[in-house]
Amino acid sequence: KMNNLHAPVIEQPCYSMFTRDVVENEYLDVFKAPYNVGCTIWNVLDRGILSGKYNRGLPRDARLSGKNRLGAFVGHSKYVTRDKIEKVERLMPIANELNVSMVELAIGWCLKNPNVTVCILGASKMHQLEQAMSSIQTANKLDKYQMERIEKILNNKPKRKELDRPWRVHQKKIISRL
């Protein structure tokens with residue numbers, strides 16, 4: 001407002017069961033009044049790890065195989081960790097109890113966050129698109145008990161930090177100038 005600029009209306013952070021800090025901590029203030037910024041998330045399957053396809057090793061055609069740009073850039077052995085695989089394996093019984101796939105559980109969990117406005121998904125096959133669409137129903141199936149079980153398995157909930165950024169110290173001054 002002060003320079004005749006339009007205020008941001010949407011943020012596009014990476015968010016998944018394994019990547020939570022930005023949405024659940026760092027940007028938490030911008031989702032509330034007076035900003036009310038929307039949140040369009042991406043990478044909800046953590047490059048496919050949350051689909052469960054890496055649980056038994058590296059598929060040849062996998063994006064993280066190292067035989068393409070993403071795999072070479074990210075590096076399978078550095079990114080697909082034993083900790084992530086073990087968590088996916090421990091989450092699978094919850095998906096089975098709900099009669100959904102691991103993909104539906106991972107996306108549904110993200111959609112359950114009230115600060116998530118939109119979820120960007122990629123699909124190269126029809127069944128992937130169908131699973132993604134079914135995730136809306138999965139989000140509705142997830143109750144408090146299941147969310148607590150998932151939280152216990154993930155064990156990575158970000159801790160809220162007060163005044164962890166300089167702009168928060170001067171927040172009132174900044175808001176009054178907007």
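Cut-offs applied
Residues numbered from 1 in each chain as written. Predicted model: local features only at pLDDT ≥ 70, side-chain atom pairs only at ≥ 80, totals over all residues. Heavy atoms only, no water. Helix = DSSP H or I, 4+ residues; strand = E, 2+ residues; numbered from the N terminus. Buried < 20%, exposed > 50% of the residue type's maximum accessible area, 1.4 Å probe, protein only. Contact = heavy atoms within 4.5 Å. Areas by Shrake-Rupley, 256 points an atom, 1.4 Å probe, with all protein chains shown as cover. Axes fitted to C-alpha atoms, helices over the stretch in contact; angles between N-to-C directions. Parallel < 35°, antiparallel > 145°, perpendicular 65-115°, else oblique. Left-handed = near helix turned anticlockwise from the far one by under 90°. Pairing = 2+ DSSP bridges. Arc of directions from axis to C-beta. Polar contact = N/O pair within 3.5 Å; in protein donor to acceptor, adjacent residues only side chain to side chain. Patch = residues over 30% accessible without salt bridge, like charges linked within 9 Å, V, L, I, M, F, W, Y side chains within 5 Å. Salt bridge = Lys/Arg side-chain N within 4 Å of Asp/Glu carboxyl O. Phe/Tyr/Trp six-rings, centres within 6.5 Å; stacked < 30°, edge-to-face > 60°.

**Details of the overall build of the protein**
(1) Moving on: Across its full length, the protein carries nine helices and three strands.
(2) Moving on: Each helix and strand of the protein, ordered N terminal to C terminal, gives the series β-α-β-α-α-α-α-β-α-α-α-α.
(3) Moving on: Expressed as a percentage of the 178 residues in the protein, the buried residues total 38%.
(4) Moving on: Across the protein, the fraction of contacts at a sequence separation of at least 24, relative to all contacts at a separation of at least 6, is 72%.
(5) Moving on: If you sum the accessible surface of the protein, you get close to 11,300 Å²; carbon and sulfur atoms cover 54% of it.

**Thoughts on the packing of helix H4 (residues 82–98) against helix H7 (residues 144–154)**
(1) Moving on: At a minimum axis separation of 9 Å, H4 and H7 run at an interaxial angle of 165 degrees. As summarised for this structure, H4 and H7 are arranged roughly antiparallel, according to the angle between their axes. Every pair of crossing elements has a handedness; the one defined by H4 and H7 is right-handed. Only Gln146, Arg149, Ile150, Ile153 and Leu154 of H7 make contact with H4, whose side of the interface consists of Lys87, Arg90, Leu91, Ile94, Glu97 and Leu98.

**Quick word on the sheet that holds strand E2 (residues 38–41)**
Strand pairing in a sheet takes place through backbone hydrogen bonds and is either antiparallel or parallel in direction.
(1) Moving on: Across the sheet, three strands lie side by side as E1-E2-E3; this open sheet has parallel pairing. Strands with a single pairing partner mark the edges of an open sheet, and in this sheet they are strand E1 (10–11) and strand E3 (118–119).
(2) Moving on: Two strands pair when backbone bridges link them, and E1 and E2 are joined in this way by two bridges, in the parallel orientation. Across the sheet, residue Glu11 finds its bridge partner in E2, namely Cys39.

**A word on H7**
Spacing of three or four residues puts side chains on the same side of an α-helix, whose turn is 3.6 residues.
(1) Moving on: Of the residues making up H7, those classed as buried are Gln146, Ile150, Ile153 and Leu154. When H7 is viewed along its axis, its buried side chains cluster within an angular range of 95 degrees and face the same direction. Structural note: H7 exposes Lys144, Tyr145 and Lys152 on the side pointing more than 90 degrees away from its buried face.
(2) Moving on: Next to the buried residues of H7 lie H4, helix H5 (102–111) and helix H6 (126–141).
(3) Moving on: You can read the cap of H7 off the contacts: a side-chain oxygen lies 3.2 Å from the backbone nitrogen of Tyr145, and it is on Asp143.
(4) Moving on: Just downstream of H7, Asn155 is the residue with a positive phi angle, here 50 degrees.

**Brief notes about a nonpolar patch on the surface**
(1) Moving on: Together, Leu121, Met126, Leu129 and Met133 line one region of the surface with nonpolar side chains, adding up to about 390 Å² of accessible area.
(2) Moving on: Secondary-structure assignment places Leu129 in helix H6.
(3) Moving on: Looking at Leu129, the relative accessible area reads 41%, which means it is partly exposed.

**Looking at the packing of aromatic side chains**
(1) Moving on: Throughout the structure, instances matching the rule amount to one aromatic pair.
(2) Moving on: Measuring from centroid to centroid gives 5.6 Å for Tyr15 and Trp109, while their planes differ by 25 degrees, and the two rings are stacked. With Tyr15 in the loop between E1 and helix H1 (21–26) and Trp109 in helix H5, the pair connects residues that are 94 residues apart, well separated along the chain. Each member of the pair, Tyr15 as well as Trp109, is classed as buried.

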